[in-house]
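# Inside the fold
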Amino acid sequence: MYEKANAGKVILAGAAGAATSTLAQAGLSLPALPAMSKMSNLSLASDSVEIKNALDKALEISGMKDKGVKIIDYADTVTADSKVYGFWNKLKKAFMYQFNPLDAAKKGKNAFFLAEHKLIGHNQIHINTKKLGTADFHEIGHSINYNTSKFWKLMQKARSPLMVIPALLTGIALCKRKKIEGEKPKGFFDKVTTFIKNNVGVLSAGAMLPVLAEELKATSRGNKLAKQLLSPESYKKVVKSNRWGATTYALAVVGAGFAAHFANKVRDKIAAPKEIK
């Protein structure tokens, strides 16, 4: 015989699980800060004029110029970002940039390819070539993915929904009671939600894999262009920069899986059914 947890304990368990997920994701994303710093240092140590000229040629030889892709460069139009001191302040700043990618691109903290946007435009690469120029070949790779492949275009469009899935899966796991020993799921809905709960870590990480795959494809295409157009020294810096960028997305995949797994474990630790002796 087993006794189910009361409502108060279930609510507490769900809240604790959600907090665990948030903390785990934040902790596992911390290595992204030094990775972005490495990318920035590589760009600052590169010949920005050589890179800028090569980027214009890359648009031509890749066919992206004919597709209407444009590079929006903020190198000479934006003042320097204010210096941030302290670990937590840097983390807060990086978190804020996630919600304002345009500001991040202007200040050389990020770069992105904008496929479609009603207000800003479409087929645009936003970057600061002086502060993060080595990342732009990767962004041209994104534009090639979007404009030349139906499959990779679909992967780009699926990016936002896919990044929400781990949170949805974690929510299901936190709302689902752990089965007692020997208890079998009943009905389709119970079977599906039980499967999700039992495998939430793997499923959450798996949902992010298409995002990582599209990023790696963009890097591959960007690196090929950089090799054709840059000096060997500058090409090496672009490759290193893109490796650090890929690292941040790999960490996001791992982070999504571990965060969901540990959140589920914490929930069950607090509100698991107890055997009545």
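All values derive from a computational prediction rather than experimental measurement. (Residues numbered from 1 in each chain as written. Predicted model: local features only at pLDDT ≥ 70, side-chain atom pairs only at ≥ 80, totals over all residues. Heavy atoms only, no water.)

This structure, assessed with the given rule, holds three aromatic pairs. With a centroid separation of 5.9 Å and 20° between ring planes, the pair formed by F258 and F262 is classed as stacked. Of this pair, F258 and F262 both sit in helix 12 (residues 232–271), four residues apart, roughly one helical turn. The class of F258 is partly exposed, set by a relative accessible area of 42%. The ring centre of Y146 lies 4.8 Å from the NZ or CZ of K153, which sits over that ring. (Phe/Tyr/Trp six-rings, centres within 6.5 Å; stacked < 30°, edge-to-face > 60°. Helix = DSSP H or I, 4+ residues; strand = E, 2+ residues; numbered from the N terminus. Buried < 20%, exposed > 50% of the residue type's maximum accessible area, 1.4 Å probe, protein only. Lys NZ or Arg CZ within 6 Å of the ring centre and 35° of its normal.)

Moving on: the pattern of salt bridges. One pass over the full model with this rule turns up eleven salt bridges. Ionic pairing is found between K176 and D190, a salt bridge with its closest N-O pair at 2.3 Å. Remark: D190 occurs in helix 10 (residues 187–198) and K176 occurs in the loop between helix 9 (159–175) and helix 10; sequence separation between them is 14 residues. Its relative accessible area of 12% is what places D190 among the buried residues. One salt bridge in this structure joins K237 and E233, with 3.7 Å as the shortest N-O distance. Here E233 and K237 lie together in helix 12, a separation of four residues that amounts to about one turn. Residue K237 is classed as buried on the basis of its relative accessible area of 17%. (Salt bridge = Lys/Arg side-chain N within 4 Å of Asp/Glu carboxyl O.)

In this structure, E214 sits in helix 11 (residues 200–229). Summary of buried charges: E214 has no salt-bridge partner, and the nearest side chain of opposite charge, R159, is 4.3 Å away. Polar side-chain contacts of E214 include one of 2.8 Å to the side chain of N145. There is a polar contact of 3.0 Å between the side chain of E214 and the side chain of Q156. When sequence neighbours within four positions are dropped, the list of residues in contact with E214 reads H142, N145, W152, M155, Q156 and R159. (Lys, Arg positive; Asp, Glu negative; His and termini not counted. Polar contact = N/O pair within 3.5 Å; in protein donor to acceptor, adjacent residues only side chain to side chain. Contact = heavy atoms within 4.5 Å.)

Our focus in this paragraph is helix 3 (residues 48–61). Here helix 3 contains 14 residues, and its C-alpha end-to-end distance of 20 Å stays within 8% of the 20 Å for a straight helix at 1.5 Å per residue. Restricting attention to buried positions, one finds in helix 3 the residues I51, A54, L55, A58 and L59. Down the axis of helix 3, the buried set is contained in an arc of 145°. They therefore lie on one face. Looking at the packing, one finds that the buried side of helix 3 touches strand 2 (70–73), helix 6 (129–132), helix 7 (136–148) and helix 11. If you check the start of helix 3, you find a side-chain oxygen 3.1 Å away from the backbone N of V49, and it comes from D47. Directly beyond the C-terminal end of helix 3, a positive phi value near 85° is found at G63. (Expected span 1.5 Å × (residues − 1). Arc of directions from axis to C-beta.)

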